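# Summary of the model geometry
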Amino acid sequence: MPSLADKAWSPYVAGVVIGLLQIPAFLIIDTALGTSSAYVTVGAAITGWLDPSLLKIDYAAKHVAANAKNWWQVALVAGIAIGAFVSMKLSGARRHPISPIWSRALGSSSPGLRYATAFVAGFVMLLGARIADGCTSGHGLSGMAQLSVGSTVAVAAMFVGGIATATLLLRRV
Amino acid sequence: MSVTLGIVTGLLMGAVFGFALEKSRVFEPGMIVGQMQLRNFIMLKVFLTAIATGAVVLAVLNGFGFVKLGPKAALYAADVVGGLLLGAGIALAGACPGTTLAQIGVGYRDAIFTLLGGIAGAVAFTYAQPWLAGSLIGTGQKLIFSDLIGIPYWQGAIGLAIAIVVVLALMEWARSWRADLGADVDGDHESEPGMGTHDRMAPAE
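Keep in mind it's a predicted model, so treat the numbers as computed, not measured. Here the residue numbering is sequential within each chain, running from 1 through the sequence in written order. Labels follow written order: the first chain is A, the first ligand is 1, and so on. Side-chain atom pairs in this predicted model are given and counted only at pLDDT of 80 or more, local residue features only at pLDDT of at least 70, and totals for whole chains, interfaces and linings cover all residues. Based on all heavy atoms of the structure, the side-chain values leave hydrogens and waters out of the count.

## Remarks on the overall build of chain A
A helix here means a DSSP run of H or I that spans at least four residues, while a strand means a run of E at least two residues long, and both kinds are numbered starting from the N terminus. Check the secondary structure of chain A and you find nine helices and zero strands. Dimensions of chain A, computed from the C-alpha atoms along their principal axes, are close to 45 × 40 × 35 Å. In chain A, which comprises 173 residues, the proportion classed as buried is 58%. Any two residues whose heavy atoms approach within 4.5 Å at even a single point are treated as in contact. In chain A, once contacts between residues fewer than 6 apart in sequence are set aside, the share between residues at least 24 apart is 55%. Surface accessibility of chain A: about 6,600 Å² in total, with carbon and sulfur atoms responsible for 69%. Side chains of chain A give 12 positive and 5 negative charges; the mean places of these two sets differ by 18 Å. Only protein chains enter the accessibility calculation, which uses a 1.4 Å probe. A residue is then buried if its area is under 20% of the maximum for its type, exposed if over 50%, and partly exposed in between. For the area figures, the Shrake-Rupley method with a 1.4 Å probe applies, and any residue is considered shielded solely by the protein chains shown. When charges are counted, Lys and Arg are positive and Asp and Glu negative, with His and the chain ends excluded. The atom standing in for a charge is NZ when the residue is Lys, CZ when it is Arg, CG when it is Asp and CD when it is Glu.

## A few points about the state of the cysteines
Two cysteine sulfurs form a disulfide in these notes if their separation is within 2.5 Å. For the structure shown, the criterion picks out zero disulfides over all chains. Of the cysteine sulfurs around Cys135(A), a residue in no disulfide, the closest is that of Cys96(B), at 6.7 Å.

## Topic: helix α3 (residues 36-50) of chain A
With 15 residues, α3(A) should cover 21 Å at 1.5 Å per step; its first-to-last C-alpha distance of 22 Å lies within 8% of that length. All buried positions along α3(A) are accounted for by Ser36(A), Ala38(A), Tyr39(A), Val40(A), Thr41(A), Gly43(A), Ala44(A), Thr47(A) and Gly48(A). Those residues of α3(A) that are buried are in contact with α4 (58-64), α5 (68-91) and α7 (111-132) of chain A together with α5 (99-106) and α6 (110-137) of chain B. Any helix carries an expected span of 1.5 Å times its number of residues minus one.

## Some thoughts on the nonpolar core
In plain words, nonpolar cores are sets of buried Ala, Val, Leu, Ile, Met, Phe, Trp, Tyr and Cys residues tied together by side-chain atoms within 4.5 Å. Counting residues in each nonpolar core, the largest one holds 103 residues, and the members touching the most others are Ile18(A), Leu33(A), Trp102(A), Leu170(A), Phe17(B) and Ile90(B). Per-element tally for this core: the top contributor is helix α3 (residues 42-63) of chain B, with 13 residues. Other than its neighbours up to four places away in sequence, Ile18(A) contacts Leu33(A), Leu141(A), Phe17(B), Ala20(B), Leu21(B), Val46(B) and Ala50(B).

## Quick look at helix α1 (residues 3-24) of chain B
Between its terminal C-alpha atoms α1(B) stretches 31 Å, which fits the 32 Å expected from 22 residues at 1.5 Å a residue. Looking one or two residues beyond α1(B), the residue adopting positive phi is Arg25(B), at roughly 70°.

## Some words on the packing of helix α9 (residues 149-168) of chain A against helix α4 (residues 76-93) of chain B
Throughout, an axis means a line fitted to C-alpha atoms (over the contacting stretch in the case of helices), and angles, computed between N-to-C directions, take values from 0 to 180 degrees. Direction vectors running N to C along α9(A) and α4(B) enclose 40°, while the axes themselves pass 6 Å from each other. Here the hand of the crossing between α9(A) and α4(B) comes out right-handed. Taken together, the residues of α4(B) that come into contact with α9(A) (itself represented by Val149(A), Gly150(A), Val153(A), Ala154(A), Ala157(A), Met158(A), Val160(A), Gly161(A), Gly162(A), Thr165(A) and Ala166(A)) are Tyr76(B), Asp79(B), Val80(B), Gly83(B), Leu84(B), Leu86(B), Gly87(B), Ala88(B), Ile90(B), Ala91(B) and Leu92(B). A per-class count over the contact of α9(A) with α4(B) returns 15 nonpolar, six polar and one charged. It is the rotation of the near helix from the far one that decides the hand of a crossing: anticlockwise by less than a right angle makes it left-handed, clockwise makes it right-handed. Throughout this entry, Asp, Glu, Lys and Arg are counted as charged residues, while Ala, Val, Leu, Ile, Met, Phe, Trp, Tyr, Cys and Pro are counted as nonpolar. The remaining residues, Gly among them, count as polar.

## Considerations on the confidence of the model for chain B
All names here are of chain B. Residue-level confidence of the predictor is summarised by pLDDT, bounded by 0 at the bottom and 100 at the top. Here chain B averages 93 in pLDDT, and 93% of its residues register 70 or above. Note that residues 195-205 has pLDDT below 50 and, in this model, 15 contacts with residues that lie over four places away or in other chains. With pTM at 0.94, the complex prediction returns an ipTM value of 0.97.

## A closer look at the packing of aromatic side chains
Note on aromatic pairs: the rings of Phe, Tyr and Trp (six-membered ring only in Trp) are paired at centre separations within 6.5 Å, and the planes decide the class, stacked below 30 degrees, edge-to-face beyond 60, tilted for the rest. Across all of its chains, the model carries four aromatic pairs over all chains by this definition. Measuring from centroid to centroid gives 5.9 Å for Trp9(A) and Phe19(B), while their planes differ by 55°, and the two rings are tilted. One end of the pair, Trp9(A), is in the segment before α1 (11-20); the other, Phe19(B), is in helix α1, on a second chain. For the pair Trp9(A) and Phe19(B), a shared accessibility class is recorded, and that class is buried. The ring of Trp102(A) has Arg114(A) sitting right over it, with the charged end atom 3.5 Å from the ring centre. Our definition puts a charge over a ring when NZ of Lys or CZ of Arg is within 6 Å of the ring centre and also within 35 degrees of the ring normal.

## Examining the interface of chain A and chain B
Counting residues at the interface gives 123 residues for chain A, matched by 128 residues for chain B. Each partner contributes to the roughly 11,100 Å² buried at the junction of chain A and chain B, and carbon and sulfur atoms together form 75% of this total. By buried area we mean the combined loss of accessible area, with a 1.4 Å probe, across both parts when two parts are placed together. It is Arg95(A), Ile131(A) and Leu147(A) in chain A that bury the most area against chain B; as a group they hold 7% of the surface buried on that side. Take a side-chain nitrogen of Lys or Arg and a carboxyl oxygen of Asp or Glu: if they are within 4 Å of each other, that pair is a salt bridge. For the pair chain A and chain B, the number of links is four salt bridges. Put simply, Asp110(B) and Arg114(A) hold a salt bridge, and the shortest N to O gap is 2.7 Å. In protein, a polar contact requires one atom able to donate a hydrogen and another able to accept it; more generally it is a pair of N or O atoms within 3.5 Å, and residues adjacent in sequence count only if both atoms are side-chain atoms. Between the two partners, chain A and chain B, sit 29 residue pairs in polar contact (both at pLDDT 80 or more).

## Comments concerning the pattern of salt bridges
Counted under the stated rule, the structure contains nine salt bridges over all chains. Between Arg95(A) and Glu28(B) there is a salt bridge, and its shortest N-O distance comes to 2.6 Å. Separated into two different chains, Arg95(A) in the loop between α5 and α6 (101-106) and Glu28(B) in the loop between α1 and α2 (29-36) make up a pair that spans both. Across the pair, Glu28(B) and Arg95(A) agree in class, each one buried. Asp184(B) is the partner of Arg95(A) in a salt bridge, and the nearest nitrogen-oxygen pair spans 3.5 Å. Of this pair, Arg95(A) sits in the loop between α5 and α6 while Asp184(B) sits in the segment after α8 (153-174), placing the two residues on different chains. For Arg95(A), a relative accessible area of 11% gives the class buried. Through salt bridges with shared partners, a single ionic network connects Arg95(A), Glu22(B), Arg25(B), Glu28(B) and Asp184(B).

## Structural notes on unusual backbone geometry
All names here are of chain A. Residue Leu-147 is not a glycine yet carries a positive backbone phi of 65°. Structurally, Leu-147 can be placed in the loop between α8 (136-145) and α9. Leu-147 gets classed as buried once you look at its relative accessible area, which sits at 7%.

Shown next as C-alpha cells:
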C-alpha cells in the first residue's frame, strides 16, 4: 500500500488520484481541471491595478471577474504548492535550490543563467498555453479525457515542441 | 456558488493535486526534461493514467446524465502554434504551468522565475488577445472524436481508457517505472545521490 511518507508512488497510483480530481471539478465547480487560466487571472489582476486600461479588454475582464470558477483555479494552483510541500515534508526528502540536472542540461552551473532561462521558459510556456487555450492540464488531462479533437492536436504539438527543444537546445541530462 | 467556497474547494483539490504530483515525482525537472529527451517515461505514465481515469469518471458522470461535457473548441492554427510554444517552454522550464507550483512548494528557486515569466507571458497574451483572436485564433467547433465516429461519448471514453491501459502495460513491460526514478528520486541518473557534491560519478573502474 502506498504510504503518505513514501518518497515516491507508482505513477499509476498518482495518476489515478489526479484523474479522480475531475469528479469534484465537474460536480462542484462545473468545469474541468486546468491551471493556465489562473496565470491570466493573477497577471491581469496585478497589471490591471497598474494599468486599468487592460481591464477594458474583455478577455482580461472575464478572467479577473469575482466568480467561483476564476478564483477556484487560482486557489487550485496555490494548493498544488501546499500539497507538494506537505508531501515532501512527510517523506523527509530534501531538494537542492536548483535541480542538479540543470548544470548538465544547460552546460553551466550558473544560477543566473538558470533563472534567466526559467523566466523566458515561463513566458513562452504561458504565451503558448494561452494561444492554444490550455496547457498540460486543460488540454492534456481534461481535453483528451473528453475526446476533444482540438486538445489532441494541441497535446501532439506540445510534445513535438518539447521534444524538439529538449533535443536541440538542451544537452543530454 | 460563492467565491469563498470556490477558493476553499480549489485549495483542497490543489493540495491533493500537488501531493500526487510530488509523490509521482513527475514535477521534477529531471523527469520532464528526461521525458522530452525520450529517456524517462514517468511523465507519460502519470499523464496517460490520469487521462484514462478522467475518461472513465466522465464516461460514468456524463453517461448517467450528471454532468455536461465542456470540451474546448478545435482551433487548429492556435492549437498547433500555441502547443509548439507551450512544449518549448515546458522543456526549458522543466515544468508545466501546474508543476511549476509543485517545484516552488518543494523549494526549487528557479521555479519562482518560471512562475514570474509565466505571469508575464499570460499578461503579454492578454494585451495581444484582441488582435490574436481575429487573426491566428479565430473560431471553431467543439469537436469530439466520438461524435465524428458516431458513437456515444461514454463508449469512446471507455475505449480510450482501455487503449491507454494496453499502452501503459507495454511501456511498463519495456521499462519499469522504478528504473526511471534515479537515486534521489528526481530523475537524475548522473549526479551523486543526496545533498553532496554535484560532481559526476567517476567512470567505471
